[in-house]
Amino acid sequence: MKVCVVGLGYIGLPTAALVAKAGHEVLGFDVDATLIERLQRGVVPIVNEDGLEDIVLEVLSSGSLKVATEPEVADVYLIAVPTPFQSNYTSPSGLDYPVADLSYVEAAARSVAPYLRPGSLVILESTVPPGTTRGLLTEAISGKGVDTAKILIAHAPERVLPGNIVFELMHNSRIVGGVTEEATSAACDFYRTFVKGPVVATDATTAELVKLMENTYRDVNIALANEFARVSEYLGVNVWQAIQLANLHPRVNILRPGPGVGGHCIGVDPYFLIQAAPSLTPLVQTARRVNESMPGYTVQLVEQLLAGRNAAKLAILGASYKANVGDVRESPALEVARLLRDKGFVVAVHDPYVEEYNMPVDEVVRGAAAVLLLTDHRVYNELDPVRLRDLMSAPLLLDARGAVDPLRWRAAGFTVRQLGVPEAALKVVSYD
Ligand code: SAJ
């Protein structure tokens, strides 16, 4: 089949490459001319995704994937554009929460509309509020004069985990929901040509809700872990140990506390559910508030650790939103950096996965009064606390991910503060 993938970002590009590798003729379309030009030169902008660069380069050089700044006539259109939220929105009912910005979805639908023919299949992969595929997407197409009764329109939310995209794109199950049964069945047949996991049929609105339920489930559970961290500190208990013990129960799996929830999905998608049913989502709203409070709470821990010391420079290890990826969107680490700068600190940031922050750790840590481990990249396991201590103006460590062995750092002379571990415990075991 001829497939046109609209939007060549974190999802669109890997999907376009895999669809091409499965034997389809693929055109990747993106409005970003610089991106298209870079791809044409063989530059793959997504890093640290196993196998991705090889597959993209292979299908680009074989010609089964072409990229352009204009769409073309195709049998299948796959829309994978961003759906961020509009911040600072106050709803007519007075509730203050962000709502989805669907302008990219609308623009994508309008841009492919002139190329649609009776029987064309249009699949939306972007995460959207329930009702968008049947409503806004269909209306955007019909608004361009297309008879949508003759077009097959479906939603198949992407569900891959950044850091493991290629594997999950092929092996995860897919939930596919059409606006009509004919659209559902055509879209399912298409996914079965390149997905090895089960492809499950439903309707468009159910598929939209399923995706939001998945990410909201994770957000609420991370909020619970964060609440447990704060309660444990208050009660004088080590949360990491308590979670480990609770998780010995066969039906309990508590997630990990941290400095906040970042990325473009988990911290965003619950708002799409809130937007759809504001008075029915008190739990989801509270979870968002808990997770959004974590960067500020992390700053309080830093101030406690500094204990009134005259600290000018602080060093943050890890800028990306989670371990072992180079994506800084909505990163809690950068939010903590911003809050600390607002308080007058000089903040140096290190991250081996992010070009802007990829420099020797020593340079970032030199002269700092404290090291703040905010993203638990694997490489930080190899840090030598003795060497770092000699570079710093004071040997203080805040570990907001429960990632380091505090005894090893204390043995090197560090005062260690871990999120979810009370100050009292710190005083008892400290070497200084
Ligand atoms: N986090 C914690 N504690 C944890 C787990 C995560 O603080 O125990 C934090 C991370 O550090 C990060 C944020 O939450 O800042 C989100 O990370 P994540 O690994 O939970 O999720 P994402 O955003 O990388 O990917 C999610 C996935 N959804 C689910 O696991 C339900 C992925 O499958 C989706 O495809 C993706 O969102 C998406 O695109 O929607």
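Now for a quick tour of the structure. What you see is a predicted model, and the numbers here were worked out from it, not measured in a lab. Note that residues are indexed from 1 along each chain, following the sequence as it is written. The predicted origin of the model limits local features to residues at a pLDDT of at least 70 and limits the giving and counting of side-chain atom pairs to 80 or more, whereas totals for whole chains, interfaces and linings rest on all residues. Calculation of side-chain values draws on the structure's entire complement of heavy atoms; hydrogens and water are dropped beforehand.

**As for the packing of aromatic side chains**
We describe a pair of aromatic rings using the distance from one ring centre to the other and the angle between the two ring planes. Operational definition: By convention, a stacked pair of Phe, Tyr or Trp rings (six-membered ring in the case of Trp) has centres within 6.5 Å and planes under 30 degrees apart, an edge-to-face pair has planes over 60 apart, and any other such pair is tilted. As a reminder, the over-ring test applies to NZ of lysine and CZ of arginine, requiring each to be within 6 Å of the ring centre and within 35 degrees of the ring normal.
Scanning the model with the defined rule gives 5 aromatic pairs in all. Cluster of aromatic residues (ring-pair linked, three or more members): Phe190, Tyr191 and Phe194. One Lys or Arg, arginine 230, reaches over the ring of tyrosine 297 and ends 4.0 Å from the middle of that ring.

**Re unusual backbone geometry**
To keep things clear, this is the line we draw: Secondary structure is summarised from DSSP: a helix means a run of H or I of at least four residues, a strand means a run of E of at least two, and numbering begins at the N terminus for each.
Positive phi, close to 65°, is recorded for asparagine 324, a residue that is not glycine. Mapped onto the elements of the fold, asparagine 324 is located in the loop between strand E11 (313–317) and helix H13 (332–342). Its identity is not glycine, yet glutamate 330 carries a phi of approximately 55°, on the positive side. Mapped onto the elements of the fold, glutamate 330 is located in the loop between E11 and H13.

**Notes on the sheet that holds strand E15 (residues 415–418)**
The criterion, for reference: The pairing criterion is simple: DSSP has to find at least two bridges between the two strands. The convention used is that axes are lines fitted to C-alpha atoms, helices contributing only their stretch in contact, and that angles between N-to-C directions extend from 0 to 180 degrees.
Here 5 strands make up an open sheet; going across it, the order is E12-E11-E13-E14-E15 and the pairing parallel. Every interior strand has two partners, whereas the edge strands, strand E12 (346–350) and E15, have only one. Neighbouring strand axes in the sheet, compared pairwise and without regard to direction, differ in orientation by 20° on average. The pairing of strand E14 (residues 396–399) with E15 spans 4 bridges and is parallel. Among the inter-strand pairings, leucine 398 is bridged to a residue of E15, identified as arginine 417.

**Brief notes about the pattern of salt bridges**
Test applied: Salt bridge, as used here, is a side-chain nitrogen of Lys or Arg placed within 4 Å of a carboxyl oxygen of Asp or Glu.
Per the stated rule, a full pass over the model turns up 18 salt bridges. When the shortest N-O distance is used, the salt bridge between glutamate 58 and lysine 21 registers 3.2 Å. A residue pair is termed long-range when its members are at least 10 positions apart, and glutamate 58 in helix H3 (residues 52–62) and lysine 21 in helix H1 (residues 12–21) qualify at 37 residues. Two residues, arginine 338 and glutamate 335, come together in a salt bridge whose shortest N-O distance is 3.0 Å. Taken together, the positions of arginine 338 and glutamate 335, both in helix H13 and 3 residues apart, correspond to about one turn of that helix. Counted as one network, the salt bridges with shared partners bring together Asp219, Arg288 and Glu292.

**Some remarks on the site of the ligand**
Where we set the bar: Being near a molecule or strand, for a residue, means having at least one of its heavy atoms within 4 Å of it. Any pair of N or O atoms that falls within 3.5 Å is considered a polar contact. Within protein, one atom must be able to donate a hydrogen and the other to accept it, and sequence-neighbouring residues count only if both atoms are side-chain atoms. Where accessible areas are quoted, they stem from the Shrake-Rupley method and a 1.4 Å probe; at the residue level, only the protein chains shown are allowed to cover. Classification convention: Asp, Glu, Lys, Arg as charged; Ala, Val, Leu, Ile, Met, Phe, Trp, Tyr, Cys, Pro as nonpolar; all other residues, Gly among them, as polar.
Neighbouring residues of the ligand: 21 residues in total, closest Glu158, Val160, Lys211, Arg218 and Tyr321. Within the backbone of valine 160, a nitrogen or oxygen atom sits 2.7 Å from an oxygen atom of the ligand. One nitrogen or oxygen atom from the main chain of arginine 256 is found 2.7 Å from a nitrogen atom belonging to the ligand. Look at the ligand: alone it shows 770 Å² of surface, and the protein chains cover 89% of it. Among the elements that line the shell around the ligand, the one with the most residues is helix H8 (residues 204–235), at 5 residues. Classifying every residue of the shell around the ligand gives 9 nonpolar, 3 polar and 9 charged.

**Things to note about the nonpolar core**
Let me state the cut-off plainly: Within this scheme, the nonpolar core is defined by two criteria: the residues are buried Ala, Val, Leu, Ile, Met, Phe, Trp, Tyr or Cys, and they are joined through side-chain atoms within 4.5 Å. Throughout this description, buried means an accessible area under 20% of the type-specific maximum (1.4 Å probe, protein chains only), exposed means over 50%, and partly exposed covers the range between. What makes two residues a contact is simply this: any of their non-hydrogen atoms within 4.5 Å.
Judged by nonpolar contacts, the single largest core of 45 residues is most densely connected at Leu8, Val26, Leu65, Ile123, Phe190 and Tyr191. Sorting elements by how many residues they give to this core places H1 first, with 6 residues. In this structure, isoleucine 123 is in contact with Val76, Tyr77, Leu78, Ile79, Ala154, Ala156, Ala187, Phe190 and Tyr191, ignoring residues within four places of it in sequence. With 36 residues, the next largest nonpolar core counts Val239, Ala311, Leu340 and Val349 among its residues.

**Here we look at the sheet that holds strand E2 (residues 25–29)**
Strand order across the open sheet formed by 8 strands is E3-E2-E1-E4-E7-E8-E9-E10, with mixed pairing between neighbours. The strands lining the two open edges of the sheet, one partner per strand, are strand E3 (65–68) and strand E10 (199–203). Mean inter-strand twist for the sheet, computed between neighbouring axes without regard to direction, equals 25°. Of the pairings in the sheet, the one linking E2 to E3 comprises 4 bridges and is parallel in character. Following the sheet pairing, leucine 27 is matched in E3 by lysine 66. Where H8 meets the sheet, its contacts fall on strand E8 (152–155), strand E9 (174–178) and E10, and the angle it forms with E10 comes to roughly 115°.

**Structural notes on H13**
Note the following rule: The directions from the helix axis to the C-beta atoms are what the arc is built from.
Three or more residues of H13 are buried, namely Pro332, Ala333, Val336, Ala337 and Leu340. Buried residues of H13, seen end-on, are gathered within an arc of 150° and therefore sit on one face of the element. Sitting at the amino-terminal end of H13 is serine 331, which places a side-chain oxygen 3.2 Å from the backbone nitrogen of alanine 333. Phi turns positive, to about 100°, at glycine 344, one or two residues after H13.

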